[in-house]
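Below are the chains, spelled out letter by letter.
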Amino acid sequence: MPTPGLDGYTPSWHKPEHDDLAELARDFFTKEVLPHADRLERQGHPDREHYRRAGELGLLGLSVPEEYGGGGGDFTHEAVLLHEQQHVGEGSLGLAVHSGIVNGYIAEYGTDEQKRRWLPGLTSGDLIGAIAMTEPGGGSDLQALRTKAVRDGDDYVVTGSKTFITNGGLADLVILAVKTDTSQGAAGISLLVCEVSGDPPGFRRGRLLEKIGLHSNDTAELFFDDFRVPAGNLLGAEGGGFFQMMAQLPQERLVIGVGAVAAMQRAVELAVAYAKERTAFGKTVFAHQNTRMVLADCATRTRASRIFLDDCIVRHARGELDVPTAAMAKLWLTEGQCEVVDRCLQVFGGYGYTTEYPIAKMYADARVQKIYGGTNEIMKELIARVL
Ligand SMILES: Cc1cc2nc3c(=O)[nH]c(=O)nc-3n(C[C@H](O)[C@H](O)[C@H](O)COP(=O)(O)OP(=O)(O)OC[C@H]3O[C@@H](n4cnc5c(N)ncnc54)[C@H](O)[C@@H]3O)c2cc1C
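Since the structure is predicted, the reported quantities are computational estimates derived from the model, not experimental observations.

Asks: It is not clear to me how the pairing of strand 1 (residues 129-132) should be interpreted in this structure. Could you clarify?
Replies: Consecutive side chains of a regular strand alternate in pointing toward one face of the sheet and then the other. Burial along strand 1 is two-sided: the face carrying Gly129 and Ile131 and the face carrying Ala130 and Ala132 are both buried. Here strand 1 pairs with strand 4 (residues 173-179) via 4 bridges, running parallel. Each bridged residue has a counterpart across the sheet, and for Ala130 the counterpart in strand 4 is Val174.

Asks: Would you mind going over the UniProt feature "domain: Acyl-CoA dehydrogenase/oxidase C-terminal" (unreviewed entry) in the protein with me for this structure?
Replies: Mapped onto this numbering, the UniProt entry gives "domain: Acyl-CoA dehydrogenase/oxidase C-terminal" (unreviewed entry) at residues 239-387. The span residues 239-387 is 73% helical and 3% strand by assignment, and the distance between its end C-alpha atoms comes to 30 Å.

Asks: In this structure, what is going on with a negative patch on the surface? I would like to understand it.
Replies: A cluster of acidic side chains, namely Glu17, Asp19, Asp20, Glu23 and Asp74, defines a negative patch on the protein surface. Along the chain, the position of Glu23 falls in helix 1 (residues 16-33).

Asks: Sorry if this is basic, but what is going on with the packing of helix 5 (residues 95-109) against helix 7 (residues 241-277) here?
Replies: Where helix 5 meets helix 7, the closest approach of the two axes is 10 Å, and the angle between their N-to-C directions is 150 degrees. On the basis of the axis angle, helix 5 is roughly antiparallel to helix 7. For the element pair helix 5 and helix 7, the recorded crossing hand is right-handed. Facing Ala96, Gly100, Ile101, Gly104, Tyr105, Glu108 and Tyr109 of helix 5, the residues of helix 7 in contact are Gln244, Met245, Ala247, Gln248, Gln251, Glu252 and Val255. Its residues assigned to classes, the contact of helix 5 with helix 7 shows 7 nonpolar, 5 polar and 2 charged.

Rules and cut-offs
- Residues numbered from 1 in each chain as written.
- Predicted model: local features only at pLDDT ≥ 70, side-chain atom pairs only at ≥ 80, totals over all residues.
- Heavy atoms only, no water.
- Buried < 20%, exposed > 50% of the residue type's maximum accessible area, 1.4 Å probe, protein only.
- Helix = DSSP H or I, 4+ residues; strand = E, 2+ residues; numbered from the N terminus.
- Pairing = 2+ DSSP bridges.
- UniProt positions renumbered as here; feature names shortened; annotations may be inferred.
- Patch = residues over 30% accessible without salt bridge, like charges linked within 9 Å, V, L, I, M, F, W, Y side chains within 5 Å.
- Areas by Shrake-Rupley, 256 points an atom, 1.4 Å probe, with all protein chains shown as cover.
- Salt bridge = Lys/Arg side-chain N within 4 Å of Asp/Glu carboxyl O.
- Lys, Arg positive; Asp, Glu negative; His and termini not counted.
- Charge placed at Lys NZ, Arg CZ, Asp CG, Glu CD.
- Axes fitted to C-alpha atoms, helices over the stretch in contact; angles between N-to-C directions.
- Parallel < 35°, antiparallel > 145°, perpendicular 65-115°, else oblique.
- Left-handed = near helix turned anticlockwise from the far one by under 90°.
- Contact = heavy atoms within 4.5 Å.
- Nonpolar A, V, L, I, M, F, W, Y, C, P; charged D, E, K, R; others polar.

Structural data, given as structure tokens:
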């Protein structure tokens, strides 16, 4: 992950190829997507064309094996992409879910036939991916989910609903957590890949949810009413879904952490630049000692966060990122993001509260980081369990 501006820190896993990727990603986000940012915010979802363009540039599926249309890289490449997206302030494309999560589930648990069927479309951007675990009745207690799938001949018949689904408005493929055995808790949960392009019978998208932030990314409710899914779309073994989710959640939490650190870095850079320009009492705001102390604190928190994240990425690359450590990263990095962005916003005075300045949007966008991917209270539970 390159470090424009803020500090000279280079992650231990960094190779020259990461710089080339960062440049490509940065150019794409700044030159091709950000010019449409206001329109995307108003429409409440990204442009499908931007997914296709990202695919064309080879930015989707960086860690997917080449034989399935991917880049043949690993999580460090996904981390660079997500860092660049956050760092330049692009928030419409749901890449954290599409590339950081969905591709990973299919690459890890799909059969060869499933991978050949879905991964090329996901990496080209012709298919947009989502993952649906949370239900209106609750998200933290996944074992209690109620959407059920009953086997009927060669199909499963799915009934239930999901909410808060990132990319839910545009998604073509939804990895759906269902109960295939309602008499069981965790052992009754399975994952079905639902092909929902064109809204087939039995599937319906609800309205796009109106949120306090992340306005240009689609978050939707999904409804399943006797929706038929071929049994061949089961991901992994029946009853294995909960364990698959538990195995993948550390990466999901790392993805959130990458975004948190990139946002902290951007906030500090924006605040430093503003403080050096704005004057009060005859000198720049930066020349007031308190501002320098605040920004020094924020820069230190950002650097320490990057180092913790870097350590987690290295562990993850070795297959050794355990659940409590990933939970610590998600907890501490997102708490840090909210704190740093808030303190940086203060440096902007009244302008920080106006949507004219990106720091205001960053403030609203940051809040959900403490909620999704497992709330921070649940992270503390996971950490406390091993104490
Ligand atoms: C913008 C956005 C995008 C999202 N994207 C997705 C997505 O793509 N896919 C998906 O499946 N979900 C997604 N979510 C859902 C998100 O993961 C859930 O909102 C989250 O897991 C919490 O579930 P809940 O909202 O039902 O809260 P609840 O589970 O009802 O929790 C309510 C409160 O109680 C606390 N609480 C619950 N249990 C405990 C406990 N044991 N100990 C202490 N406190 C507890 C929680 O921490 C929280 O503060 C998204 C949410 C948002 C807002």
